[in-house]
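A closer look at the structure
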Amino acid sequence: MTRVITLVLLFTLAIVFHGQIETASQNVGLSFTLSKMMPYVLQAVFLIILLIESYRHLLDRFSNTLRRVIGLLILAVGGGIAFAVHPIYQGDFQHEYKPVYFKGNSLNDLNDGLTMIALPGCPYCYERVEDLNRFVELYPNQEVFIQVVNQDSLALEEYQERTSDAIHVSLVKNEPSVKLLIGERYPSFIFISSGNHQGMIWNNNGFGVAALDFILEQ
């Protein structure tokens, strides 16, 4: 009984400290993808061990059919709680981009490295600022930029206040070409390798932790 209670407590703590587990995994050098998965893996391990211990010490007096039903309920309720508190969204693990080739002077308005094209007052853009802040905190040698459309100086100041000093924030220079490039989807992300006229563009849903790992490999 003590083991069961301990496992319930560990499972609960893995849910409560989900974000801290992910952050700690990043701090010890795991990839963004593995770090994102780690809290879910721990929760699954604790839940499975809890099921095994329940079979051994709590459900041994019941019939096999009833044990299976209760076991399925334990998995369904436990898994349901875990994913209800920390759902997995469609874009969390995505790496869906389109390649682009820059001709002539079209590259002059963008920078080598990773650039987020942001819209004034965009809540999804603000959420991604936190991701970029974390990215440059872990990998300060990465070149990261934020460019704001609509020539909105107040929005520019707001992004600067939210953004790490390691991230360069500016207004988009050539709005028509950039808006055409990203299809006016915000935020969008553009990565250009140093000295290379080829780049990659992600929309918000396609830019998950796998995309960050990909950029680190370039």
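Here, every reference points to the structure presented above.
Structure report, in brief.

Quick notes on the rules
- Residues numbered from 1 in each chain as written.
- Predicted model: local features only at pLDDT ≥ 70, side-chain atom pairs only at ≥ 80, totals over all residues.
- Heavy atoms only, no water.
- Pairing = 2+ DSSP bridges.
- Helix = DSSP H or I, 4+ residues; strand = E, 2+ residues; numbered from the N terminus.
- Axes fitted to C-alpha atoms, helices over the stretch in contact; angles between N-to-C directions.
- Buried < 20%, exposed > 50% of the residue type's maximum accessible area, 1.4 Å probe, protein only.
- Polar contact = N/O pair within 3.5 Å; in protein donor to acceptor, adjacent residues only side chain to side chain.
- Contact = heavy atoms within 4.5 Å.
- Left-handed = near helix turned anticlockwise from the far one by under 90°.
- Core = buried A, V, L, I, M, F, W, Y, C linked by side-chain atoms within 4.5 Å.
- Phe/Tyr/Trp six-rings, centres within 6.5 Å; stacked < 30°, edge-to-face > 60°.
- Lys NZ or Arg CZ within 6 Å of the ring centre and 35° of its normal.

Sheet architecture is open: 6 strands sit in the order β1-β6-β5-β2-β3-β4, paired in mixed fashion. Here the strands that pair on one side only, and so sit at the sheet edges, are β1 (95-101) and β4 (168-171). When the angles between neighbouring strand axes are averaged without regard to direction, this sheet yields 25°. Here 5 bridges tie strand β2 (residues 113-118) to strand β5 (residues 188-192), and the two strands are oriented antiparallel to one another. Following the sheet pairing, Thr115 is matched in β5 by Ile190.

Let us look at the side chain of Gln26. Tracing the sequence through the fold places Gln26 in helix α2 (residues 18-27). Using a relative accessible area of 9% as the deciding quantity, one classes Gln26 as buried. At 2.7 Å, the side chain of Gln26 and the side chain of Arg134 are in polar contact. Discounting residues that sit within four places of it in the chain, Gln26 has contacts with Phe32, Ser35, Arg134 and Leu138.

Moving on: the packing of helix α5 (residues 123-138) against helix α6 (residues 153-162). Between two packed helices, the angle of one axis relative to the other and the distance separating the axes together describe the packing. Closest axis-to-axis distance for the α5/α6 pair is 10 Å, and the angle between their directions is 35°. Along this stretch, α5 crosses α6, giving a crossing that reads as right-handed. Taken together, the residues of α6 that come into contact with α5 (itself represented by Cys125, Tyr126, Val129, Glu130 and Asn133) are Glu158, Tyr159 and Arg162.

This part covers the nonpolar core. By size, the foremost hydrophobic cluster in this structure holds 42 residues, and its most contacted members are Met116, Ile117, Ile146, Tyr159, Ile190, Trp202 and Phe207. Secondary structure elements with two or more residues in this core: β2, α5, β3 (144-148), α6, α7 (175-182), β5, β6 (198-207) and α8 (209-217). Counting residues per element, this core draws most heavily on α5, which supplies 6 residues. Phe11, Ile15, Leu47 and Ala82 belong to the second-largest nonpolar core, a separate cluster that totals 10 residues.

To continue, consider the packing of aromatic side chains. Note on aromatic pairs: each is described by the distance of the centres and the angle between the planes. Scanning all chains against the criterion turns up 9 aromatic pairs. Ring geometry for Tyr97 against Phe214: centres 6.1 Å apart, planes inclined by 20°, an arrangement best described as stacked. Of this pair, Tyr97 sits in strand β1 while Phe214 sits in helix α8, and the two are 117 residues apart along the sequence. With a centroid separation of 5.2 Å and an interplanar angle of 50°, the aromatic rings of Tyr126 and Tyr159 are classed as tilted. Remark: Tyr159 occurs in helix α6 and Tyr126 occurs in helix α5; sequence separation between them is 33 residues. The two residues Tyr126 and Tyr159 agree in class, both being buried. Joined through ring pairs, the aromatic side chains of Tyr97, Phe189, Trp202, Phe207 and Phe214 make up one cluster. The ring of Tyr126 carries the charged tip of Arg162 above its face, separated from the ring centre by 3.8 Å.

Turning next to the pairing of β6. Taking burial as the measure, the 10 residues of β6 include 7 buried ones, the bulk of the element. Alignment of β1 against β6, held across 6 bridges, turns out to be antiparallel. By the bridge assignment, Pro99 is partnered in β6 with Met200. Here 5 bridges tie β5 to β6, and the two strands are oriented antiparallel to one another. Opposite Phe189, over in β6, you have Trp202 as the bridge partner.

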